[in-house]
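Observations on chain architecture
The primary structure of each chain is shown beneath.
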Amino acid sequence: MGKVLNAKCLKKGTCLILISTLLFMMAGCGSDSKQKKTAFPTDKDGWPKKNVALINGKEYPLEKMEHSDEGNISRYEIRLKLDRKKNSQSDDQDSETMEVTLPKQSLICFWDIDPKDLDLVSYEKTTLPVKTKETLEGATSVLQTFRYMVPMDESTSVSFKWSNVNEMEKAFSDQQEYYLLTITTYQ
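Only a predicted model underlies this, so the values are computations on that prediction, with no experimental measurement involved.

1. What to know about the overall build of the protein
- When its secondary structure is counted, the protein shows 2 helices and 9 strands.
- In the protein, the succession of helices and strands from N to C terminus is α-β-β-β-α-β-β-β-β-β-β.
- For the protein, the proportion of its 187 residues judged to be buried stands at 35%.
- Partitioning the intrachain contacts of the protein with sequence separation of at least 6 by distance along the chain shows that 68% fall at a separation of at least 24.

Written as structure tokens, this is what we have:
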């Protein structure tokens, strides 16, 4: 009789653990996400557009990007005015999170951010699903997302370099870039 009682308790305990685990997983998979994901612009086959940056959910052109891998170094600056009333929940907020998503474009290139005087919150690589089975030679659907803090009360410039992967181990200032993107925020 003792063995039957232990088997029943074991079954109840296992069921309780299983149900608790399932409830915990379902609660974590809810659709009430605090961070709204914005779709990166793609072409008809799902490849990320090469000449676009997504900054805080808004599209900005990357001028001269199409010529940047032909031996020319292209430089481009995007200037963004920060609006304290629009971007903050309270008047005492002294910084804002910037989210910059850039298309990696090529298997042999990557985007890097200048770490100098930067409060980098997170970095993420995501791969977009491509609708075609044909792959473009050397192309990738990987996006690189950088999240960092900028002060609301002063002008800040952050530089991004698009370089060959052979430059990855070098310090940011020593990397030879194909494209230099500067994002300047001001009040």
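2. Thoughts on the sheet that holds strand β9 (residues 177–186)
- Across the sheet, 4 strands lie side by side as β3-β9-β8-β5; this open sheet has mixed pairing. Strand pairing shows two members of the sheet lacking a second neighbour, β3 (74–81) and β5 (109–113), which therefore form its edges. Direction aside, the axes of adjacent strands within the sheet are offset by 20 degrees on average.
- Inspection of the sheet shows β3 paired to β9 by 8 bridges, in the parallel sense.

3. As for the pairing of β9
- Counting buried positions over the 10 residues of β9 gives 8, a clear majority of the element.
- Strand direction decides the pairing type here: strand β8 (residues 156–164) and β9, joined by 8 bridges, are antiparallel. Note on β9: the bridge partner recorded for serine 159 is threonine 182.

4. Description of the sheet that holds strand β6 (residues 119–127)
- Across the sheet, 5 strands lie side by side as β2-β1-β4-β7-β6; this open sheet has antiparallel pairing. Sheet topology places β2 (58–61) and β6 at the edges, where each strand pairs with a single neighbour. Here the average twist between neighbouring strands, direction ignored, is 25 degrees.
- Two elements, strand β4 (residues 95–103) and strand β7 (residues 142–151), share 9 bridges in a ladder whose sense is antiparallel. Pairing of threonine 101 across the sheet is with threonine 145, part of β7.

5. Some details on the confidence of the model for the protein
- Per-residue pLDDT for the protein averages 80, and the proportion of residues at 70 or more is 72%.
- Of the regions scoring below 50 in pLDDT, residues 22–36 engages in 2 contacts with residues more than four places distant in sequence or in other chains.

6. Focus on the environment of glutamine 175
- Along the polypeptide, glutamine 175 turns up in the loop between β8 and β9.
- Distance in space between the C-alpha atoms of glutamine 175 and asparagine 164 is 8.8 Å, their sequence separation being 11 residues.
- Residues contacting glutamine 175, with those up to four places away along its chain left out, are Phe110, Asp112, Lys161, Ser163, Glu167, Met168 and Lys170.
- Among the polar contacts made by the side chain of glutamine 175, one reaches the main-chain carbonyl oxygen of lysine 170 at a distance of 3.4 Å.

7. So, the nonpolar core
- Counting 25 residues, the largest nonpolar core has Ile55, Leu102, Trp111, Tyr148, Phe160 and Leu181 as its most contacted members.
- Looking at this core, the elements with two or more residues in it are β1 (52–55), β3, β4, β5, β7, β8 and β9.
- The residues touching tyrosine 148, leaving out its near neighbours within four places in the chain, are Glu96, Thr97, Met98, Val100, Ile113, Leu118, Asp119, Leu120, Val121, Val158, Phe160 and Ile183.
- In this structure, Phe40, Val52, Leu128 and Leu143 belong to the second largest nonpolar core, which totals 5 residues.

Conventions we followed
Residues numbered from 1 in each chain as written. Predicted model: local features only at pLDDT ≥ 70, side-chain atom pairs only at ≥ 80, totals over all residues. Heavy atoms only, no water. Helix = DSSP H or I, 4+ residues; strand = E, 2+ residues; numbered from the N terminus. Buried < 20%, exposed > 50% of the residue type's maximum accessible area, 1.4 Å probe, protein only. Contact = heavy atoms within 4.5 Å. Pairing = 2+ DSSP bridges. Axes fitted to C-alpha atoms, helices over the stretch in contact; angles between N-to-C directions. pLDDT = per-residue confidence, 0-100. Polar contact = N/O pair within 3.5 Å; in protein donor to acceptor, adjacent residues only side chain to side chain. Core = buried A, V, L, I, M, F, W, Y, C linked by side-chain atoms within 4.5 Å.

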